[in-house]
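Structural overview for review
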Amino acid sequence: MNYQEFRCEFLERMKEVMEEGVSITTEKINKNNGVVMEGLVLKSENARVASIFYMEDYFSYWERGVPLEQLVRKVMWQFEHCKPQMDVEADFFQNYQEIKENICFKLINYERNRELLKKVPHKRILDLAMVFYYRIQKDETMQATILVEYAHLNAWKITQEELIENAKRYTYLKLPAEFINMKGLLGLVQGKEKQMYVLTNKERSLGAGTFLYPGVLKQAEELLGERFYVLPSSIHECILIPEEEGMYQEALTEIVTEINESQVDPKEVLSDQAQGKALLFRIYLYCYHLASRLRSLYHLAVTHINTGCTCFFPGSIADHITGFCLIHRNLSLFLYISVFIRNIISVCLINLLNKLAGINSFAKAGSFFLPDSSKESTGIIHDRITDRP
């Protein structure tokens, strides 16, 4: 039985067992890395939320020997299990103050998601992009998220910088980093040699961005030594391995590429590039956290300027005008000069690292990496439950 035959039979079985008042449809859904999947959409009458189960995943289960009837029961159980908890108010996503504590960030591949990035706020980091999502519910079997789009920022009347700072704060708080010993994970006996670690978050989902958390790489140094490599295992985690004699970043990159092509689900591939915890990578992450601190200082300054005018100057110009205003508000001149110098240094370093990495974008003070396109697009809120087996 091929996929089309499985699809037809699976839909027929679902219609036979599904209770009255539940619509059963299919829909093509764009996933990460440009992957398009067919979703089985189940929606109860008058419900505000639809459940989606991806047909390709269930076909894969069937190919591995799981009986069709068991797959149907699995879908029915998950649909009934999540339905009461997931029914939400139709306008719940309109009030930013009520939902902001559940907005987090994740990392995806930049080049493989260029079309997606045209409609979602993001920040480029090396060959990756930081994007933002709302966590509706997460348990052992179900994951429900809403990807934040430019249209949502307009509805919330907030800037991308405000979104970034908020998402980082609550991602650090709600999804703390976790180091998992590889040998312990595999049930192997641990020796005295340096160990490899999996770096992810406490939910072990969408946790590849944990290497950006403040202090995480310092913790990694304590576990692996000063020099180690960060391998992008998937969008859910990274693997940290200590540097050894004869180990080269180029060879590790080839290994990562081969594994991504043969072992990793295409929609969960993060990057083919291994990162070495050497000087350039260290400087890069320093600039990342420095730029974050500068943005926080800028927003704090603007909050305390009680003038009746609005500044429309972008980036660094606004920073410097804000600084001069603060000087006249009895803020130390030394503080402003130090911020100005650090600002210029961080911008120069970021641009230099971009050139060394071959990234064709430019940076400005107050906005770190700019996307190639800041084009806004209209969109609708997709209240979906995603089944991730």
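Calculation notes
Residues numbered from 1 in each chain as written. Predicted model: local features only at pLDDT ≥ 70, side-chain atom pairs only at ≥ 80, totals over all residues. Heavy atoms only, no water. Helix = DSSP H or I, 4+ residues; strand = E, 2+ residues; numbered from the N terminus. Buried < 20%, exposed > 50% of the residue type's maximum accessible area, 1.4 Å probe, protein only. Contact = heavy atoms within 4.5 Å. Areas by Shrake-Rupley, 256 points an atom, 1.4 Å probe, with all protein chains shown as cover. pLDDT = per-residue confidence, 0-100. Core = buried A, V, L, I, M, F, W, Y, C linked by side-chain atoms within 4.5 Å.

Side note on the overall build of the protein chain
Along the protein chain, the regular secondary structure elements total 13 helices and 13 strands. The buried share among the 389 residues of the protein chain stands at 48%. Within the protein chain, counting contacts between residues at least 6 apart in sequence, those at least 24 apart form 63% of the total. When the accessible surface of the protein chain is split by element, carbon and sulfur atoms take 55% of a total near 20200 Å².

What about the confidence of the model for the protein chain?
Averaged over the protein chain, the pLDDT score is 76; the fraction of residues at 70 or greater is 64%. Of all secondary-structure elements in the protein chain, the lowest mean pLDDT belongs to strand E13 (residues 384–387), at 38, while strand E4 (residues 103–109) reaches the highest, 96. Per-residue pLDDT stays below 50 along residues 302–336; that stretch engages in 31 contacts with residues further than four places along the chain or on separate chains. Across residues 359–389, where pLDDT falls below 50, the model places 107 contacts with residues more than four positions away in sequence or in other chains.

Observations concerning the nonpolar core
One finds Ile103, Phe132, Trp156 and Phe211 to be the most contacted residues of the largest nonpolar core, which totals 42 residues. Counting residues per element, this core draws most heavily on strand E6 (residues 128–138), at five residues. Counting 21 residues, the second-largest nonpolar core is a separate cluster that includes Leu40, Tyr58, Tyr61 and Val75.

As for the environment of Leu116
Counting through the fold element by element, Leu116 comes out in helix H5 (residues 114–117). With relative accessibility at 24%, the residue Leu116 sits in the partly exposed group. Those residues in contact with Leu116 that sit more than four places away from it in its chain are Ile108 and Leu147.

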